[in-house]
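Overview (structure and organization)
Each chain is listed here by its residues.
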Amino acid sequence: MGFGNTVMGGTQFPMQFSKATDLIPKNPNYSEEDNMLAINAAENMGESWIEALKDEFTKAYFIDLLKFLREEMKNHTICPPLHQVFSWTHHCPPDKIKVVIIGQDPYPQPGRAHGLSFSVQNGRPKYSLKNIFKELETDESLEDFEIPSHGNLTGWAEQGVLLLNTVLTVRAGVRNSHKNKGWEEFTDAVIKYLNENFTGIVFMLWGEPATKKGSIINQVSPNLNVTND
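So, a few notes on the structure that sits alongside this text.

The subject of this paragraph is a negative patch on the surface. On the surface, Glu135, Glu137, Asp139, Glu140, Glu143, Asp144 and Glu146 cluster together into a patch of negative charge. By the secondary structure assignment, Glu143 is in the loop between α6 (127–138) and α7 (154–157).

This is the structure:
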């Protein structure tokens, strides 16, 4: 896989080598192999997001995060599969985003998480997504909304709803297992970029970890910050 040529259970950042190789500066304090970890991870993002976040990928925290994931995968399954961790970047280019819904971390059951917060790749709605659907069902301004039989929110993402977790990976079966490993700083950078470069975005912060992101929003641009504890 992209993590030092180690394949683990078919879960990998596929090697692609396109735009990121030219855009991302290498960190001289890390080895060539470690820098390639970061570049390979970035290659799995949508091109507009590679450009937006190019300065993050070879920062120490991000390389250390990838090294942690490489070690984690030697003995554990990671959710979602690594090729889906950045799927949100392919559905939502920054300039198309209207709403950002921020959650906590992915579902820890293999086959459910696929890189979009709250979304269930295969199966019925789970946990907070059920509550989101119930809120929408009772919203009088949404007369035609019906609770779907599935929990896959790809359709929302393709309409400009960025579904972003605070932490983008988790060890299978163990919630919050990748907390404080570096993802929080990376997703802070995502939110800062949107807040500083675009206006009119509605941010919905769902749960305590997400509400901590509220301090980043509205400091520069007039974006609406909606919390839900």
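For the rest of this paragraph, the subject is the packing of helix α2 (residues 32–42) against helix α4 (residues 60–72). Close contact between α2 and α4 brings their axes to 9 Å; oriented N to C, the two are set at 90 degrees. Comparing the axis directions of α2 and α4 gives the class roughly perpendicular. Residues Glu33, Asp34, Asn35, Leu37, Ala38 and Ala41 of α2 pack against Phe62, Ile63, Leu66, Lys67 and Arg70 of α4.

Helix length check: helix α8 (residues 183–197), at 15 residues, gives a terminal C-alpha distance of 21 Å against a target of 21 Å (1.5 Å per residue), a fit within 8%. Within α8, the full set of buried residues consists of Trp183, Glu184, Phe186, Thr187, Ala189, Val190, Ile191, Leu194 and Asn195. Each element contacted by the buried residues of α8 is listed here: α3 (47–52), α4, α5 (87–91), β2 (99–103), β3 (161–165) and β5 (202–206).

This paragraph deals with the environment of Tyr127. In this structure, Tyr127 sits in helix α6. Residue class for Tyr127 comes out partly exposed when judged on its relative accessible area of 44%. C-alpha separation for the pair Tyr127 and Tyr107, spaced 20 residues apart in sequence, amounts to 9.7 Å. Non-local contacts of Tyr127, meaning those with residues more than four positions away in its chain, are made with Tyr107, Gln109, Arg112 and Arg175.

What follows concerns the pattern of salt bridges. Throughout the structure, instances matching the rule amount to ten salt bridges. Asp34 serves as the salt-bridge partner of Lys67, at 3.5 Å between the closest nitrogen and oxygen. In this pair, Lys67 sits in helix α4 while Asp34 sits in helix α2, placing the two residues 33 residues apart along the sequence. Taking the relative accessible area as the measure of exposure, Lys67 reaches 28% and is therefore partly exposed. Among the charged side chains, a salt-bridge network with shared partners connects Glu33, Asp34, Lys67 and Arg70.

This next bit is on unusual backbone geometry. A negative phi holds for most residues other than glycine; trans holds for most peptide bonds. Backbone torsion omega between Cys79 and Pro80 reads -10 degrees, so that peptide bond is classified as cis. Examined against the element boundaries, Pro80 turns out to sit in the loop between β1 (78–79) and α5. Although it is not a glycine, Phe118 adopts a positive phi angle of roughly 70 degrees. Take Phe118: it is sitting in the loop between β2 and α6. Positive phi, close to 65 degrees, is recorded for Asn176, a residue that is not glycine. For Asn176, the position within the fold is in the loop between β4 (170–171) and α8. According to the relative accessible area criterion, Asn176 is partly exposed, its value standing at 36%.

Rules used throughout
Residues numbered from 1 in each chain as written. Predicted model: local features only at pLDDT ≥ 70, side-chain atom pairs only at ≥ 80, totals over all residues. Heavy atoms only, no water. Patch = residues over 30% accessible without salt bridge, like charges linked within 9 Å, V, L, I, M, F, W, Y side chains within 5 Å. Areas by Shrake-Rupley, 256 points an atom, 1.4 Å probe, with all protein chains shown as cover. Salt bridge = Lys/Arg side-chain N within 4 Å of Asp/Glu carboxyl O. Lys, Arg positive; Asp, Glu negative; His and termini not counted. Charge placed at Lys NZ, Arg CZ, Asp CG, Glu CD. Helix = DSSP H or I, 4+ residues; strand = E, 2+ residues; numbered from the N terminus. Axes fitted to C-alpha atoms, helices over the stretch in contact; angles between N-to-C directions. Parallel < 35°, antiparallel > 145°, perpendicular 65-115°, else oblique. Contact = heavy atoms within 4.5 Å. Expected span 1.5 Å × (residues − 1). Buried < 20%, exposed > 50% of the residue type's maximum accessible area, 1.4 Å probe, protein only.

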